[in-house]
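Examination of the molecular architecture
The chain contents come next:
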Amino acid sequence: MPETSPKPLVVAVVGATGAVGRTMIQVLTEKRFPYTELRLLASARSAGTTMTVAGRDITVELATPEAFEGIDIAIFSAGGGTSRELAPEAARRGCVVVDNSSAWRMDPDVPLVVSQVNPDDLAWHEGIIANPNCSTMQLMPPLMALRDEVGLERIVVDTYQAVAGTGQKAIVELEAQVKAHAEGRVKVASVYPHVIGFNALPHIDVFLDNGYTKEEWKVVTESRKILHLPELRVSCTAVRVPVFVSHSEAVHVETRDPITAERARELFAATPGVVVQDDPANNLYPLAMDAAGSDLVFVGRVRQDPSIPDDRGLAFWVVSDNLRKGAASNAVEIAEVLVERGWIRKGSERGVATASGGSPA
Ligand code: A2P
């Protein structure tokens with residue numbers, strides 16, 4: 001029997017003044033999230049300032065352990081260090097944390113959830129829930145559809161990622177470089193190791209010993225956890241491109257059983273939150289500029305990959321707004337599921353066993 005959600009419902013956004021935090025506030029407002037009180041937390045830099053939400057002024061508070069007393073759900077986007085320090089403090093005080101950083105994603109006792117892919121994993125949370133990395137997020141709904149119909153053997157994904165993922169400073173830098181180019185001035189790089197304007201950088205986050213970047217390896221490990229396929233073979237090349245908002249991905253999938261492009265399109269179209277845009281003859285395919293501002297995942301250019309035998313290969317193009325579905329919207333959707341299913345309290349307090357190493361399913 002689902003329990004009724006506690007009333008009143010106090011929700012906090014931690015990192016409220018940041019690019020993703022502001023989008024979280026916007027999404028909470030757009031969705032008319034049923035909070036009775038919204039609290040905004042950030043660092044000492046902005047504590048005491050005021051933000052206007054739905055016509056009401058809210059004073060930004062300093063994020064301290066004590067600040068989480070009385071908060072039911074806290075959505076964090078304030079960097080990994082803040083999450084590592086404050087998420088356990090919040091959970092100890094009875095608050096459930098939906099964390100957008102990478103700090104907790106691969107902890108076996110922390111569910112890593114895409115709202116329409118593995119919402120049942122939320123049942124066993126122990127106070128912290130992780131929101132996946134943006135490049136993993138948009139890949140999951142179409143891959144779930146293929147997993148459920150024909151099984152997945154191997155994924156190769158190459159990303160074309162927008163600068164908004166790096167934060168406001170990267171947006172400003174790209175704008176400055178475009179202006180400098182138009183005016184014949186030298187383009188200056190400070191956020192990235194090279195100029196991003198009119199360029200493509202095969203370098204997102206730090207390089208690991210295996211030659212992949214951390215961003216690429218997140219796609220590998222997070223996909224396996226979300227899809228409940230710990231042995232799934234995945235390879236990724238992540239590229240930063242001079243696009244302001246929305247990540248695009250070229251995806252190549254080897255399936256276990258044969259599938260046609262037509263059937264794949266049907267499966268994608270039937271997946272919640274996915275829209276198929278696939279009419280190349282009329283120049284219709286997903287575009288970053290069109291996806292910006294939407295919570296949907298757009299899929300197109302679906303075709304059979306003839307380099308894989310027996311009709312077990314597909315290639316397609318996936319685009320989504322990295323600030324919305326890739327971060328803020330999915331975090332808010334997770335909070336919605338927690339409220340709807342009465343899962344705000346820890347799984348152990350509701351009699352649900354936490355399975356170390358993954359889902360109890
Ligand atoms: P502040 O604006 O007060 O520094 P972005 O990724 O766009 O730079 O945003 C980061 C967000 O995380 C901001 O809201 C920032 O608040 C917040 N933040 C950074 N460090 C901390 C911290 N130690 N405690 C709480 N919030 C933090």
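Heads up: these notes are all about the structure in this document. Keep in mind it's a predicted model, so treat the numbers as computed, not measured.

Reading guide: rules and limits
Residues numbered from 1 in each chain as written. Predicted model: local features only at pLDDT ≥ 70, side-chain atom pairs only at ≥ 80, totals over all residues. Heavy atoms only, no water. 1 Å grid on protein atoms, 1.4 Å probe; cavity = no way out; pocket = protein on both sides within 12 Å on 5 of 7 lines; lining within 4 Å. Points joined across faces, edges and corners; volume = space filled by probe spheres on them. Helix = DSSP H or I, 4+ residues; strand = E, 2+ residues; numbered from the N terminus. Nonpolar A, V, L, I, M, F, W, Y, C, P; charged D, E, K, R; others polar. Near = heavy atom within 4 Å. Polar contact = N/O pair within 3.5 Å; in protein donor to acceptor, adjacent residues only side chain to side chain. Areas by Shrake-Rupley, 256 points an atom, 1.4 Å probe, with all protein chains shown as cover. Sits in = over half its atoms within 2 Å of the grid points. Salt bridge = Lys/Arg side-chain N within 4 Å of Asp/Glu carboxyl O. Buried < 20%, exposed > 50% of the residue type's maximum accessible area, 1.4 Å probe, protein only.

Moving on, we get to the layout of surface pockets. When its volume is computed, the largest pocket comes out at roughly 1,200 Å³. Mapped by element, the contributors of at least two residues to the lining of the largest pocket are helix H1 (19-30), helix H2 (80-92), helix H6 (214-227) and helix H9 (324-341). No other element matches the four residues that H2 contributes to the lining of the largest pocket. Along the lines of polarity and charge, the residues of the lining of the largest pocket split into 16 nonpolar, 22 polar and eight charged.

Surveying the vicinity of the ligand reveals 13 residues, the closest of which are Thr17, Ala19, Ser43, Arg45 and Ser46. Backbone polar atom of Gly18 to an oxygen atom of the ligand: 3.0 Å apart, as the coordinates give it. Bound to the protein, the ligand loses 65% of the 570 Å² it would expose on its own. Judged by the proximity of its atoms to the pocket grid, the ligand belongs to the largest pocket. Of the residues that constitute the shell around the ligand, the class distribution is five nonpolar, seven polar and one charged.

Take the pattern of salt bridges next. For the coordinates displayed, the defined rule picks out 23 salt bridges. Residue Arg93 pairs with Glu69 through a salt bridge whose shortest N-O separation is 3.2 Å. Of this pair, Arg93 sits in the loop between H2 and strand S7 (96-99) while Glu69 sits in the loop between strand S5 (61-62) and strand S6 (73-76), placing them 24 residues apart in sequence. When its relative accessible area of 24% is taken as the criterion, Arg93 is described as partly exposed. The salt bridge partner of Lys179 is Glu183, with a shortest N-O separation of 3.6 Å.

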